[in-house]
Amino acid sequence: MSSEPMLQNQAATPPQGANAQWGGRFAQAPAEIMQRINASIGFDRKLWRQDINGSRAHAAMLAHVGIISAVDQSAIDAGLTAIATEIEAGTFPFDVALEDIHMNIEARLAERIGDAGRRLHTARSRNDQVATDFRLWVRDAIDGLTAQITDTMTAFATRAAEHAATVMPGFTHLQTAQPVTFGHHLLAYVEMFARDRTRLADCRARLNQCPLGSAALAGTSFPIDRTMTAQALGFDGATANSLDSVSDRDFALEFLAASAICAMHLSRFAEEIIIWCSAPYGFVRLSDAFTTGSSIMPQKRNPDAAELARAKTGRVTGALVALLTVMKGLPLAYAKDMQEDKEPVFEAAEALSLSLAATAGMVRDLIPNSARMREVAGSGFSTATDLADWLVRVLGLPFRTAHHVTGRLVACAEHRGVDLAGLSLKEMQDVEPGITADIFGVLTVDASVASRTSLGGTAPARVAEAARRWLEVLS
């Protein structure tokens with residue numbers, strides 16, 4: 001008996017413990033620590049829907065071009081349907097020895113349908129398979145987050161319409177600057193989230209090219225139809241370079257960058273909610289639904305939803321930095337380092353989704369304290385700019401001169417312990433003789449906000465107009 005058949009038999013049946021996917025090359029099982037560091041099934045099982053959809057499209061294409069039979073393709077499709085049912089039911093036997101979701105599904109398919117399942121991997125590699133699955137997952141995440149951003153924008157715009165004329169202090173450096181309206185303040189965030197939506201849309205458009213069929217790195221010698229699989233999976237087309245196809249993670253980085261900016265916007269609003277809810281401010285109140293108490297201080301109402309939304313920004317920003325660090329030194333094409341791409345993306349998407357939901361909930365829940373906001377809006381000589389503008393508009397003073405005159409009047413009022421409207425006409429005329437009694441008409445917070453009618457300004461009419469426009473767009 002020759003040795004050749006024996007070697008073939010040995011190759012066909014890997015030694016016990018060896019990885020069945022490449023047991024013909026490796027005669028021993030991996031070390032336990034190697035298995036632990038190498039396996040990704042603990043997190044990449046999230047890709048199972050995308051993996052099954054990609055395999056269905058690949059099998060249909062293989063049958064269409066005659067690489068596999070229609071009978072095999074039908075068996076593969078039925079087997080994948082059964083596997084999807086198992087995963088959804090929680091009965092799928094995930095095996096860490098099979099490393100990842102791709103091999104777990106493929107091995108289970110072979111168990112169910114035999115050789116037809118083993119033909120599925122023809123003309124593809126795990127490299128282009130995971131690149132395709134990951135793009136599909138990120139695309140789905142973008143669609144879900146875009147819907148959430150739209151809902152959050154709607155919450156802000158709705159409350160802005162309700163409070164188009166509710167006066168509040170506008171701040172720079174956290175110092176009272178000029179009166180604005182609460183609606184105007186909320187609409188600032190609508191503009192921010194609108195940019196977040198467009199960033200995600202741009203990311204989606206750029207990622208929507210299909211890597212499947214690029215194989216390991218060089219393409220394949222089989223007569224495949226990459227356009228067919230791209231169309232079946234909802235891509236705009238197939239990627240143009242097989243090396244780039246399997247090594248590109250720009251789409252994930254761009255997704256994380258857009259997510260990090262959005263999370264930063266949420267964190268800025270969360271910070272304002274926390275400040276506004278504090279006793280020294282008292283601008284808004286959140287209900288029991290979005291606050292927590294203290295284990296020792298019974299009077300406390302802590303804005304923990306806002307604090308956690310603020311904190312989760314660290315997870316999203318950290319995910320971006322983590323993946324940039326993974327990718328920065330990698331040569332073409334695929335390296336196992338890239339297995340570290342998924343956890344940051346999964347975690348960031350989850351954190352951003354939760355923060356968006358919490359923010360939309362808080363916006364709908366909060367109750368503004370209009371009287372308190374109006375009180376603070378008039379403090380700190382907030383109408384000083386209105387006085388200076390009047391001096392320019394009515395007396396024709398150069399603005400720098402008007403600024404100087406106003407500064408002297410502020411100093412006088414501060415010395416007397418009154419606001420600008422508390423100065424007498426004579427006291428004002430001692431500084432600038434041309435001032436008339438009409439000046440007192442511009443020194444109220446209502447007159448101040450009403451005068452800011454420039455495009456994008458805080459005048460209630462402008463705010464109401466902008467809120468209506470956004471609600472129409474968002475609907």
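Residues numbered from 1 in each chain as written. Predicted model: local features only at pLDDT ≥ 70, side-chain atom pairs only at ≥ 80, totals over all residues. Heavy atoms only, no water.

**Section: the overall build of the chain**
Rule in force here: The numbering of helices and of strands both runs from the N terminus, where a helix is a DSSP run of H or I of at least 4 residues and a strand a run of E of at least 2. This radius of gyration counts C-alpha atoms alone. The globule rule is 2.2 Å times how many residues there are, raised to the power 0.38. Think of it in three bands: residues with accessible area under 20% of the maximum for their type are buried, residues over 50% are exposed, and the middle band is partly exposed, with areas taken using a 1.4 Å probe on protein chains only. Residue contacts are defined here by distance: any two heavy atoms, one from each residue, within 4.5 Å place the two residues in contact.
Tallying secondary structure elements over the chain gives 20 helices and 6 strands in all. Computed over its C-alpha atoms, the radius of gyration of the chain comes to 32 Å, more than 25% above the 23 Å expected for a compact globule of 475 residues. C-alpha atoms of the chain, sized along the principal axes, occupy 120 × 55 × 40 Å. Looking at the chain residue by residue over its 475 residues, the buried ones come to 46%. Here the analysis covers contacts within the chain between residues at least 6 apart in sequence; of these, 74% occur between residues at least 24 apart.

**Quick word on the pairing of strand E1 (residues 167-172)**
Here is the rule we go by: Whether two strands pair depends on DSSP finding at least two bridges between them.
Here E1 runs beside strand E2 (residues 175-181); their pairing, made up of 6 bridges, is antiparallel. When the sheet's bridge partners are listed, Thr 172 is paired in E2 with Gln 175. Between E1 and the antiparallel strand that follows it, E2, lie 2 residues; His 173 among them carries a positive phi value of about 60°.

**Focus: the packing of helix H4 (residues 48-64) against helix H5 (residues 70-89)**
For the record, the criterion: Angles run from 0 to 180 degrees between N-to-C directions of axes, and those axes are lines fitted to C-alpha atoms, restricted for helices to the stretch in contact. An angle counts as roughly parallel when it lies under 35 degrees, as roughly antiparallel when it exceeds 145, as roughly perpendicular when it falls between 65 and 115, and as oblique in every other case. Note on residue categories: nonpolar means Ala, Val, Leu, Ile, Met, Phe, Trp, Tyr, Cys or Pro, charged means Asp, Glu, Lys or Arg, and polar means any other residue, Gly included.
Contact geometry of H4 with H5 gives a least axis separation of 9 Å together with a crossing angle of 175°. The orientation of H4 with respect to H5, classified from their angle, is roughly antiparallel. Of the residues in H5, those in contact with Trp 48, Arg 49, Ile 52, Ser 55, Arg 56, Ala 59, Ala 60 and Ala 63 of H4 are Gln 73, Ile 76, Asp 77, Leu 80, Thr 81, Ile 83, Ala 84, Ile 87 and Glu 88. Of the residues contributing to the contact of H4 with H5, the split by class is 10 nonpolar, 3 polar and 4 charged.

**Here's the deal with empty space enclosed by the protein**
Stated precisely, the cut-off is as follows: Two kinds of site are reported from a 1 Å grid over the protein atoms alone, namely cavities, where a 1.4 Å probe fits but cannot get out, and pockets, open sets with protein on both sides within 12 Å along at least five of seven lines, and residues are called lining when an atom falls within 4 Å of a point. Grid points are joined across faces, edges and corners, and a volume is the space filled by probe spheres set on the points.
In the structure shown here, the tally under the stated rule is 1 cavity of 30 Å³ or more. As a volume, the largest cavity reaches approximately 30 Å³. In terms of lining residues, the largest cavity is bounded by Asp 51, Gly 54, Ser 55, Arg 124, Gln 129, Thr 132, Asp 133 and Leu 212. Split by residue class, the lining of the largest cavity holds 1 nonpolar, 4 polar and 3 charged.

**Quick notes on helix H6 (residues 101-113)**
Keep this limit in mind: Each helix should span, by expectation, one fewer than its residue count multiplied by 1.5 Å. Polar contacts, as counted here, are pairs of nitrogen or oxygen atoms within 3.5 Å of one another; within protein the pair requires one atom able to donate a hydrogen and one able to accept it, and residues that are adjacent in sequence qualify only if both atoms are side-chain atoms.
If you check H6, its first and last C-alpha atoms are 18 Å apart, about what 13 residues at 1.5 Å a residue would give, namely 18 Å. Judged by how many residues are buried, H6 sits mostly within the fold: 10 of 13 residues are covered. Those residues of H6 that sit buried are Ile 101, His 102, Met 103, Asn 104, Ile 105, Glu 106, Ala 107, Arg 108, Leu 109 and Ala 110. Taken together, the buried residues of H6 touch helix H3 (41-44), H4, H5, helix H7 (115-118) and helix H8 (126-162). The N-terminus of H6 is capped by Asp 100, whose side-chain oxygen sits 3.1 Å from the backbone nitrogen of His 102. Gly 114 sits one or two positions beyond H6 and adopts a positive phi of about 75°.

**Notes on the pattern of salt bridges**
So the rule is basically this: Salt bridge, as applied in this entry: a Lys or Arg side-chain nitrogen positioned within 4 Å of an Asp or Glu carboxyl oxygen.
For the structure on display, the rule yields 28 salt bridges. A salt bridge links Asp 77 to Arg 56; the nearest nitrogen and oxygen atoms lie 3.1 Å apart. Linking Asp 77 in helix H5 with Arg 56 in helix H4, this pair joins segments that are 21 residues apart in sequence. Across the salt bridge formed by Glu 254 and Arg 206, the nearest N and O atoms sit 2.4 Å from each other. A residue pair is termed long-range when its members are at least 10 positions apart, and Glu 254 in helix H12 (residues 250-277) and Arg 206 in helix H9 (residues 182-207) qualify at 48 residues. A residue is classified by how much of its surface remains accessible, and Arg 206, at 53% relative accessible area, is exposed. If you follow the salt bridges from partner to partner, you end up with Glu 86, Arg 108, Glu 111 and Arg 112 in one network.

**Let's talk about a nonpolar patch on the surface**
Heads up, the rule is: Surface patches are drawn from residues lacking salt bridges whose relative accessible area is over 30%; two like charges belong together within 9 Å, two nonpolar side chains (Val, Leu, Ile, Met, Phe, Trp, Tyr) within 5 Å. Methods summary: accessible areas were calculated by the Shrake-Rupley approach with a probe of 1.4 Å, and residue burial reflects only the protein chains presented.
On the surface, Ile 33, Met 34 and Ile 37 cluster together to form a nonpolar patch covering roughly 320 Å² of accessible area. Topologically, Met 34 is positioned in helix H2 (residues 32-38). A relative accessible area of 41% places Met 34 in the partly exposed class.

**Focus on the nonpolar core**
One broad rule of soluble globular proteins: the nonpolar side chains tend to lie buried together. Selection rule: The definition of a nonpolar core used throughout is a set of buried Ala, Val, Leu, Ile, Met, Phe, Trp, Tyr and Cys residues joined through side-chain atoms within 4.5 Å.
Within the largest apolar cluster, 91 residues are counted, with the highest numbers of intra-cluster contacts made by Val 138, Phe 255, Phe 269, Trp 276 and Val 345. Top element by residues in this core is H12. It accounts for 16 residues. Not counting chain neighbours up to four residues away, the residues in contact with Phe 255 comprise Val 138, Ala 141, Ile 142, Leu 145, Leu 200, Cys 203, Val 345 and Ala 349. Core analysis: the second largest hydrophobic core is formed by 20 residues, Trp 390, Ala 413, Leu 420 and Leu 423 among them.

**Notes on the packing of aromatic side chains**
For clarity, the threshold we go by: Centres within 6.5 Å make a pair out of two Phe, Tyr or Trp rings, where for Trp the six-membered ring is used; the pair is then stacked when the planes are under 30 degrees apart, edge-to-face when over 60, and tilted otherwise.
A full pass over the atoms with the stated rule returns 14 aromatic pairs. Arranged with centres 5.8 Å apart and planes meeting at 65°, the rings of Phe 182 and Trp 276 form a pair that is edge-to-face. Taken together, the positions of Phe 182 in helix H9 and Trp 276 in helix H12 put the pair 94 residues apart, joining distant regions of the chain. Among the aromatic residues, those joined into a cluster by ring pairs are Phe 156, Phe 182, Tyr 189, Phe 193, Phe 269 and Trp 276.

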